[in-house]
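What follows is each chain in one-letter form.
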Amino acid sequence: MNTILIGGKVCTPGKLFDPGVLVLDNKSIKTIENKSKFIIPKNANVLDTSGCWILPGFIDIHIHGLLGYDCMGPDLDQVIRKLPEYGVTSFMATTMTRPKEEINSLISHMASVLSDPPVGARCLGIHIEGPHLSPERPGMANSEWFSPLTTNEVDWLQNIANGLVRMLTFAPEEGTAIDVIPYLIEKNIIPVIGHSNASYELTKDAIALGLSQATHTFNAMRPLHHRDPGVVGAVLACPSIVAQLICDGHHVHPGAMQVLLNAKGISRVCLISDAAPFAGLPSGKYNWGKQDIYIDGETSRLADGTLGGSHALIDAGFRNSIDLLDLNISEASQCTSMVPAQSIGIGNIKGQLLPGYDADIVVLDKNYKPLLTIVEGKVIWRATQ
Ligand SMILES: [Zn+2]
């Protein structure tokens, strides 16, 4: 039986169907058309979406957890179940720096969850963020556990992850890490610069070798100075590299976000949440990776005020990009769905509402709050009225 979403504003790459109809066929999108010409077939599962926005589901390629559940370990199971409540239909389970023995056990748990995942958002793989970072730009990570990236480290991680590592954030200037970029690409792992104090020149060399993405641009990276443009300067100057951006309104000033958008264009800015495992929880003191984290309702910080991940999920980033950056719905949707999908090589099946694409859909109310989430054709979550 086909599921049909009828009456909503269906946002496709080139056109808004308002009111429109989105017809699903099993796991895929079958057709998108105007409501006026549409005849409802018999035996269809019809969902009235009048007055709502119909968008491709959000894809968060940098998220550590939510609601007390950490992606890094057995709680990945709960992350998969909870993410559709925020309109997320697929994501990369992101790790953090921990001592090696702990990484061994936690990533093995992740691989075990992913061998038989529960119903929920689709986990697209593991994103390793640490321990191959710069002690000069640790963010909240503990630099005692850092080590430069080598091919052996890649093999170690891919081995414990059962081949599920798809993305790796590292500082290319540490040791001979820059030389590992071709090896990462050979192993089908996306090389991402982050927590890096690299010079402009070294970053450009890394991009020439295939470095294709920057983790939470501006945060934990060498900033732009006009005589020392650093990592930020190279990200702004080189068209090919995709810039991840935390759009929670706290990590990056709206003016800096606008500079990034102007320099890169919509198609190279990928919104991420970088949500901490305590994202979405009430204010209070929590513990993440043996560090105390203080939630104040809007941010997640260490005792000294350092931001430790984000408190907002990507649906809030979507709304912020409209409120703070004046993006229109289509542009905001590109930054939260199309660009992330394209940046990890699945732009031909996910991230847009097009016939033949996976039926990953979020229905938003007029205030852009999620009402219903469909993952690969199945209604996974619905807001209680
Ligand atoms: Zn992160």
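Described below are features of the structure shown in this document.

Within helix α5 (residues 200–208), the full set of buried residues consists of Y200, T203, A206 and I207. Looking straight down α5, one finds that the buried residues subtend no more than 125° of arc, so they occupy a single side. Against the buried residues of α5 lie α4 (181–186), β14 (190–193) and α6 (230–237). Downstream of α5 by a residue or two, G210 has a phi angle that is positive, lying close to 120°.

By the definition in use, this model includes one cavity of 30 Å³ or more. Roughly 30 Å³ of volume is contained in the largest cavity. Taken together, I246, C247, D248, I272, S273, S310, A312, L313 and G317 make up the lining of the largest cavity. When the residues that make up the lining of the largest cavity are grouped by side-chain class, the tally is five nonpolar, three polar and one charged.

This next bit is on the coordination of the zinc ion. Of the protein atoms, only H62 (NE2), H64 (NE2), E129 (OE) and D274 (OD) coordinate the zinc ion, at distances of 2.0 to 2.2 Å. What the four donor atoms of the zinc ion show is an angle range of 86 to 173° at the metal, which sorts the shape as irregular. For the zinc ion, the donor residues sit on a single chain with the sequence spacing H-x1-H-x64-E-x144-D. Taken together, the residues E129 in strand β12 (residues 122–129) and D274 in the loop between β17 (269–272) and β18 (284–288) connect sequence positions 145 residues apart. With respect to class, E129 is no different from D274; both count as buried.

The next subject is the packing of α5 against α6. Contact geometry of α5 with α6 gives a least axis separation of 7 Å together with a crossing angle of 45°. The angle between α5 and α6 places the two elements in the oblique class. When the axes of α5 and α6 are compared, the crossing they make is right-handed. Here Y200, T203, K204 and I207 of α5 come into contact with α6, specifically with G230, V231, G233, A234 and A237. Residues belonging to the contact of α5 with α6 are distributed by class as follows: five nonpolar, three polar and one charged.

Across the sheet, which stays open at both edges, the six strands sit in the order β3-β2-β7-β22-β23-β24 with mixed pairing between neighbours. In this open sheet, the two edge strands, each paired with only one partner strand, are β3 (16–17) and β24 (378–382). Bridging between strand β7 (residues 53–56) and strand β22 (residues 361–364) involves four bridges; their strand directions are antiparallel. Bridging across to β22, I54 finds its partner in V363.

Attention shifts here to the pattern of salt bridges. Evaluation of the coordinates by the stated rule reveals eleven salt bridges. A salt bridge links E102 to R98; its shortest N-O distance comes to 2.9 Å. Pair check on accessibility: E102 and R98 agree, each one buried. We note a salt bridge from R122 to E376, for which the minimum N-O separation is 2.6 Å.

Calculation notes
Residues numbered from 1 in each chain as written. Predicted model: local features only at pLDDT ≥ 70, side-chain atom pairs only at ≥ 80, totals over all residues. Heavy atoms only, no water. Buried < 20%, exposed > 50% of the residue type's maximum accessible area, 1.4 Å probe, protein only. Helix = DSSP H or I, 4+ residues; strand = E, 2+ residues; numbered from the N terminus. Arc of directions from axis to C-beta. Contact = heavy atoms within 4.5 Å. 1 Å grid on protein atoms, 1.4 Å probe; cavity = no way out; pocket = protein on both sides within 12 Å on 5 of 7 lines; lining within 4 Å. Points joined across faces, edges and corners; volume = space filled by probe spheres on them. Nonpolar A, V, L, I, M, F, W, Y, C, P; charged D, E, K, R; others polar. Donors = N, O, S within 2.8 Å, 3.2 Å for Na, K, Ca; no water. Tetrahedral: all angles 85-135°; square planar, octahedral: opposite > 155°, others 65-115°. Axes fitted to C-alpha atoms, helices over the stretch in contact; angles between N-to-C directions. Parallel < 35°, antiparallel > 145°, perpendicular 65-115°, else oblique. Left-handed = near helix turned anticlockwise from the far one by under 90°. Pairing = 2+ DSSP bridges. Salt bridge = Lys/Arg side-chain N within 4 Å of Asp/Glu carboxyl O.

So, to be careful, I would describe these as geometric facts and stop short of saying anything about function.
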